[in-house]
Amino acid sequence: MFSGFKHSLSTLSVCILCLLIPYSCTDTEEPDCCEEMPSFENTPFDRKALLKSWADDIIIPSFERYVKSLTVLNDRATDLTNDPSMASLENLRESWLDAYSSWQSVSMFDIGMAETIGLRNFTNIFPTDVDKINETLNRDSYNLGLPSNFVVQGFPALDYLLFAFTGEELMQNKLVNTKYTDYISTLTERLLMLSSDVLSDWKSSYRDEFIRNDASSATGSVDKLVNDALFYYEKFLRAGKIGIPAGVFSGTPISDAVEAPFSKIYSKQLFLAGLGHFKNFLNGELTNGTISDTHLGTYLDAVNAEKDGTALITLMNKQLDEAKLLGERLSDNFQDQVETDNIKMLQTYDELQKAVVLLKVDMLQALNIKVDFVDADGD
């Protein structure tokens, strides 16, 4: 529904944020968006240590786990191709969910090679285009590297290919077609190849470049990654998973725009995974449950970032927990939720939106970071 391209805002100030996110300045104490941003150039905070922790403790390990899950996914796609059976189909479906859940942990890190090659666009643009998928897989050749083919690949396309039909229908009518099984294998191979390239780049050279670039500027790694994480939260988590299907931007609910509509019962699981990984990034929480010594929360504390006498990181966590609480009350099947009780989707969106003020206005002002992307969904 949207491709998520970022555009530079280098000539604009934080003053326009209240225009870009009108919901943020209603029903809350309106922030002074045009107040001059403070400078913390002399704050005794080690930005290089922060970047090292992000790279070594969060980003690289997350990509390692993701690539490992894709390796299993690709192997099981090969098993299905070589021996189509209910057992091999179920194994592939399980590995699809595992890899899709793991993707939620790296989607926000759209920096370096991931940004250069458009990893997110080739991995998880939904809704997928069913008619175009069927047309593409029946061709003798196709080019999945084209932007026009974002919508026929990645996890959303596999969701259709593996779940749109019953196991019996797949066995009898689909998996007997070698073009069908070959297309599944092609999609899993491509996911593995692209992500392996990103991981290899992090390990071979980009890690050091990322850590070295600790300048407090629009081109510095801290500013860039914080913007990438906020862009993910606002456009892909808040809008993509909840707002667009709920009809926040169109005025009419679009139930078939949910994530994973064909498998039906995983949209909530994927949403909560994305929200959880985003919150973990803010707080430096690692997959083993331990907390990094340096993260955005410690950075905010170092600059005494508060709002109404409360630490800003505390307010951010509280608001994200409120959104999680409402998300947990949604149906496992977001398509069903939109069609039967969309009010709960809209309420969840509202809680996610409340966090935007804290993240995009208060946090960025406190850290003297400017927004480097433009809203494009009319919110």
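Residues numbered from 1 in each chain as written. Predicted model: local features only at pLDDT ≥ 70, side-chain atom pairs only at ≥ 80, totals over all residues. Heavy atoms only, no water.

Enquirer: Give me the overall build of the protein chain: which residues, what numbers.
Expert: Within the protein chain, the regular secondary structure consists of 14 helices and two strands. For the protein chain, with 379 residues in total, the buried portion stands at 55%. Taking the contacts inside the protein chain whose residues are at least 6 apart along the sequence as the reference set, 79% of them involve residues at least 24 apart. Looking at the protein chain as shown, the accessible area adds up to about 15,800 Å², and 49% of this sits on carbon and sulfur atoms. (Helix = DSSP H or I, 4+ residues; strand = E, 2+ residues; numbered from the N terminus. Buried < 20%, exposed > 50% of the residue type's maximum accessible area, 1.4 Å probe, protein only. Contact = heavy atoms within 4.5 Å. Areas by Shrake-Rupley, 256 points an atom, 1.4 Å probe, with all protein chains shown as cover.)

Enquirer: Give me the nonpolar core: which residues, what numbers.
Expert: In terms of nonpolar packing, the biggest core is built from 108 residues, with Trp54, Trp96, Phe210 and Met363 touching the most fellow members. Of all the elements, helix α2 (residues 47–82) adds the most residues to this core, at 14 residues. In this structure, this core is formed jointly by two domains, domain 1 (45–213) and domain 2 (215–379), each of which donates at least three residues. Setting aside residues up to four positions removed in sequence, Met363 forms contacts with Val226, Leu230, Leu296, Leu300, Leu312, Met316 and Leu358. (Core = buried A, V, L, I, M, F, W, Y, C linked by side-chain atoms within 4.5 Å. Domains from an automatic or database assignment.)

Enquirer: Report on the packing of helix α3 (residues 86–103) against helix α8 (residues 167–174), specifying residues and quantitative values.
Expert: Two numbers describe how α3 lies on α8: the axes approach to 10 Å, and their chain directions differ by 115 degrees. Between α3 and α8 the crossing geometry is right-handed. The residues of α8 that touch α3, namely those facing Met86, Leu89 and Arg93, are Gly167, Leu170 and Met171. For the contact of α3 with α8, a count of residues per class yields four nonpolar, one polar and one charged. (Axes fitted to C-alpha atoms, helices over the stretch in contact; angles between N-to-C directions. Left-handed = near helix turned anticlockwise from the far one by under 90°. Nonpolar A, V, L, I, M, F, W, Y, C, P; charged D, E, K, R; others polar.)

Enquirer: Help me get a handle on the packing of aromatic side chains, residues and values and all.
Expert: Counting across every chain of the model gives 22 aromatic pairs. Aromatic side chains Phe109 and Phe281 sit 5.7 Å apart centroid to centroid with 70 degrees between the ring planes, which places their arrangement in the edge-to-face category. On the criterion of sequence distance, the pair formed by Phe109 in the loop between α3 and α4 (113–117) and Phe281 in helix α11 (residues 267–283) is long-range, its members being 172 residues apart. Phe281 carries the same exposure label as Phe109, and that label is buried. Between Tyr160 and Phe262, the ring centres sit 5.3 Å apart and the planes meet at 65 degrees, which makes this aromatic pair edge-to-face. With Tyr160 in helix α7 (residues 154–163) and Phe262 in the loop between α10 (221–246) and α11, this pair connects stretches of sequence that are 102 residues apart. By relative accessible area, which is 6% here, Tyr160 ends up buried. Pairwise contacts between aromatic rings join Tyr66, Trp96, Tyr100, Trp103, Phe155, Phe163 and Tyr266 into one cluster. Here Arg120 stacks its cationic end above the ring of Phe236, 4.3 Å away from the centre of that ring. (Phe/Tyr/Trp six-rings, centres within 6.5 Å; stacked < 30°, edge-to-face > 60°. Lys NZ or Arg CZ within 6 Å of the ring centre and 35° of its normal.)

Enquirer: Run through the side chain of Ser62, naming residues and quoting values.
Expert: Examined against the element boundaries, Ser62 turns out to sit in helix α2. By relative accessible area, which is 6% here, Ser62 ends up buried. Not counting residues within four places of it along the chain, the set of residues in contact with Ser62 comprises Ser105 and Val106.

Enquirer: Which residues make up α3, and what values do they have?
Expert: Relative to the 26 Å expected for 18 residues at 1.5 Å per residue, α3 spans 26 Å between its end C-alpha atoms, a close match to the ideal helical length. Looking at the buried positions of α3, the neighbouring elements they touch are α2, α5 (119–123), α7, α8, α9 (178–212) and α11. (Expected span 1.5 Å × (residues − 1).)

Enquirer: Got a sec to walk through unusual backbone geometry? Specific residues and values, please.
Expert: Glycine aside, residues mostly have negative phi, and peptide bonds are mostly found in the trans state. Here the residue pair Phe126 and Pro127 is connected by a cis peptide bond, since its omega of 5 degrees sits within 30 degrees of zero. When you line up the elements, Pro127 lands in the loop between α5 and α6 (130–137). The backbone of Asn304 sits at a positive phi, close to 55 degrees, despite the residue not being glycine. As for its position among the elements, Asn304 is in the loop between α12 (296–302) and β1 (306–307).

Enquirer: Before we move on, could you go through the pattern of salt bridges and cite the residues and values that matter?
Expert: Within the structure shown, the criterion is met by 19 salt bridges. Among the ionic pairs, Lys241 bridges to Glu259, the shortest N-O distance being 2.6 Å. One end of the pair, Lys241, is in helix α10; the other, Glu259, is in the loop between α10 and α11, and 18 residues separate them in sequence. Across the pair, Glu259 and Lys241 agree in class, each one buried. (Salt bridge = Lys/Arg side-chain N within 4 Å of Asp/Glu carboxyl O.)

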